[in-house]
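Chain by chain, the residues:
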Amino acid sequence: MLKRVLLVVVIFQVTACAELQQVINQLPNGGITNDQIAGGLKEALNNGITNQVSTLAIKDGFFKNELVRILLPEELQKVDNTLRKIGLSKLADEGLKVLNRAAEDAVSEAIPIFVDAIKGMTFNDAKNILLGDKNAATQYLKTATSEVLYQKFNPIINNSFKKVGADKIWTDLITKYNNLPLTKNVNPDLTDYVTGEALKGVFTMVEVEEKNIRTKLSSRTSDLLKRVFALQD
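Being a predicted model, the structure only gives us computed values, none of them experimental. (Residues numbered from 1 in each chain as written. Predicted model: local features only at pLDDT ≥ 70, side-chain atom pairs only at ≥ 80, totals over all residues. Heavy atoms only, no water.)

Enquirer: Would you explain the overall build of the chain in this entry?
Expert: Secondary structure assignment for the chain yields eleven helices and zero strands. Across the chain, helices and strands are ordered from the amino to the carboxyl terminus as α-α-α-α-α-α-α-α-α-α-α. In the chain, which comprises 233 residues, the share counted as buried stands at 44%. In the chain, of all internal contacts separated by at least 6 residues, the share reaching a separation of at least 24 is 78%. A total accessible area of about 12,400 Å² is found for the chain, and carbon and sulfur atoms account for 52% of it. (Helix = DSSP H or I, 4+ residues; strand = E, 2+ residues; numbered from the N terminus. Buried < 20%, exposed > 50% of the residue type's maximum accessible area, 1.4 Å probe, protein only. Contact = heavy atoms within 4.5 Å. Areas by Shrake-Rupley, 256 points an atom, 1.4 Å probe, with all protein chains shown as cover.)

Given below as structure tokens:
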């Protein structure tokens, strides 16, 4: 038992230039290959997409999820509060909802981009993720995909605003606010704002699944996931 504990400690102290496989093979019942380690990490990331990100693409995927629900940008919170005070709560609620609808429309575009990034993962990527921070897999995806995702999301969200009438709703809402006495006119870039918030929501849900797999045995739904993530337990 002591030998096993010492060997597991050695795994977490191995330097970046040392092959993780050499250490793993010393474990009792050792014998997990580099390909299996990379495969386990790829499976974990695919689970994050399947189990979490895809739920954001359905109606109310953002709007009714407290973790990722898109709220108003700071400069519009005063718009929301003022309109509610003068009896325009329904208009304010609709304005908030269409922001979330636009994000829900865009999220389905993330899945193939994530899949491509996962396919390109090397053993070194997998090793760094396995022995890295608790959100290392999420950070890998963020680095590999954020720029491409932004370019995909932005025009979809812009088109979604037009499709669901968000452009008219917000024009009406902001016009009513700007016409009130003693208010300072606002004109925020809502497309850019919602694009950024949608990206935050996507990575939040990937991180939720990564945390589950790292900490909950019940979330390791295959023998490969159990074997690979046992190395970081």
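Back to the write-up after that little detour.
Enquirer: Could you clarify how one ought to interpret the pattern of salt bridges in this entry?
Expert: All chains considered together, the criterion is met by five salt bridges. Salt-bridge contacts for Glu104 lead to Arg101; the nearest nitrogen and oxygen are separated by 3.2 Å. Taken as a pair, Glu104 and Arg101 lie in helix H5 (residues 89-107) at a separation of three residues, close to a single helical turn. For Arg101, a relative accessible area of 15% corresponds to the buried category. (Salt bridge = Lys/Arg side-chain N within 4 Å of Asp/Glu carboxyl O.)

Enquirer: What am I meant to see in the side chain of Arg101 here?
Expert: Looking at Arg101, its side chain comes within polar contact range of the side chain of Asp60, at 2.9 Å. With sequence-adjacent residues up to four places away left out, Arg101 is seen in contact with Lys59, Asp60, Phe63 and Ser160. (Polar contact = N/O pair within 3.5 Å; in protein donor to acceptor, adjacent residues only side chain to side chain.)

Enquirer: Sorry, what's going on with the nonpolar core here?
Expert: Buried together is how nonpolar side chains tend to be arranged in soluble globular proteins. One finds Phe114, Leu141 and Phe153 to be the most contacted residues of the largest nonpolar core, which totals 57 residues. In terms of residue count, the dominant contributor to this core is helix H10 (residues 190-215) (nine residues). With residues up to four places along the chain from it excluded, the contact list for Leu141 reads Leu45, Phe114, Ala117, Ile118, Ser146, Phe203 and Val206. (Core = buried A, V, L, I, M, F, W, Y, C linked by side-chain atoms within 4.5 Å.)

Enquirer: How do you make sense of the environment of Thr204 when you look at a structure like this?
Expert: Considering the arrangement of structural elements, one finds Thr204 in helix H10. Sequence-wise, Thr204 and Val68 are 136 residues apart; in three dimensions their C-alpha atoms are separated by 7.3 Å.

Enquirer: What's the story with the packing of helix H3 (residues 34-56) against helix H11 (residues 223-230) in this structure? I'm lost.
Expert: Axis angle and axis distance: for two packed helices, these are the angle between their axes and the distance between the axes, and together they describe the pair. For the pair H3 and H11, the least separation of the axes is 9 Å and the interaxial angle reads 110°. The angle between H3 and H11 falls in the class roughly perpendicular. The two elements H3 and H11 meet at a crossing, and its hand is left-handed. Counting all contacts with H3, which are made through Gln36, Ile37, Gly39, Gly40, Leu41, Glu43, Ala44 and Asn47, the residues of H11 involved are Leu224, Leu225, Arg227, Val228 and Phe229. In terms of residue class, the contact of H3 with H11 is made up of seven nonpolar, four polar and two charged. (Axes fitted to C-alpha atoms, helices over the stretch in contact; angles between N-to-C directions. Parallel < 35°, antiparallel > 145°, perpendicular 65-115°, else oblique. Left-handed = near helix turned anticlockwise from the far one by under 90°. Nonpolar A, V, L, I, M, F, W, Y, C, P; charged D, E, K, R; others polar.)

Enquirer: When you look at empty space enclosed by the protein in this model, what are you seeing that I'm missing?
Expert: Once rolled over the atoms, a probe with the size of a water molecule shows which space is left empty. Applying the stated rule across the entire model yields one cavity of 30 Å³ or more. Reported here for the largest cavity is a volume of approximately 70 Å³. Lining the largest cavity, in full, are Leu41, Ala44, Leu45, Gly48, Ala137, Val206, Glu209, Glu210, Ile213, Arg214 and Phe229. Elements represented by at least two residues in the lining of the largest cavity include exactly H3 and H10. Take the lining of the largest cavity: its biggest share by element is five residues, from H10. Taken together, the residues of the lining of the largest cavity break down into seven nonpolar, one polar and three charged. (1 Å grid on protein atoms, 1.4 Å probe; cavity = no way out; pocket = protein on both sides within 12 Å on 5 of 7 lines; lining within 4 Å. Points joined across faces, edges and corners; volume = space filled by probe spheres on them.)

Enquirer: Help me out: how do you make sense of unusual backbone geometry in this one?
Expert: With glycine set apart, most residues show a phi of negative sign, and most peptide bonds adopt trans. Its identity is not glycine, yet Asp60 carries a phi of approximately 70°, on the positive side. By the secondary structure assignment, Asp60 is in the loop between H3 and helix H4 (74-85).

Enquirer: What exactly am I supposed to notice about the confidence of the model for the chain here?
Expert: Close inspection of predicted coordinates is inappropriate for parts of the model with low pLDDT. When pLDDT is averaged across the chain, the result is 78; 79% of the residues are at 70 or more. Averaged over each element, pLDDT in the chain is lowest for helix H1 (residues 2-13) (35) and highest for helix H8 (residues 136-163) (91). A low-confidence stretch, residues 1-29 stays under pLDDT 50, and its non-local contacts, those more than four residues away or across chains, total 39 contacts. (pLDDT = per-residue confidence, 0-100.)

Enquirer: Please clarify how the packing of aromatic side chains should be interpreted in this entry.
Expert: The geometry of an aromatic ring pair is captured by two quantities: the separation of the ring centres and the angle between the planes. For the coordinates displayed, the defined rule picks out one aromatic pair. A ring pair is formed by Phe114 and Phe203, whose centres lie 5.9 Å apart and whose planes are at 70°; its orientation type is edge-to-face. Residue Phe114 is located in helix H6 (residues 110-119), and its partner Phe203 is located in helix H10; the two are separated by 89 residues in the primary sequence. The same class applies to Phe114 and to Phe203, which are both buried. Arg69 extends its terminal NZ or CZ atom over the ring of Phe63, reaching a point 4.4 Å from the ring centre. (Phe/Tyr/Trp six-rings, centres within 6.5 Å; stacked < 30°, edge-to-face > 60°. Lys NZ or Arg CZ within 6 Å of the ring centre and 35° of its normal.)

Enquirer: Please explain H11 as it appears in this structure.
Expert: Three or four residues apart is the spacing at which side chains of an α-helix point the same way, because the helix has 3.6 residues per turn. Among the residues making up H11, those that are buried are Leu225, Val228 and Phe229. One side of H11 holds all its buried residues, which, seen down the axis, span an arc of 90°. Here the buried face of H11 lies against H3, helix H7 (123-130) and H10. (Arc of directions from axis to C-beta.)

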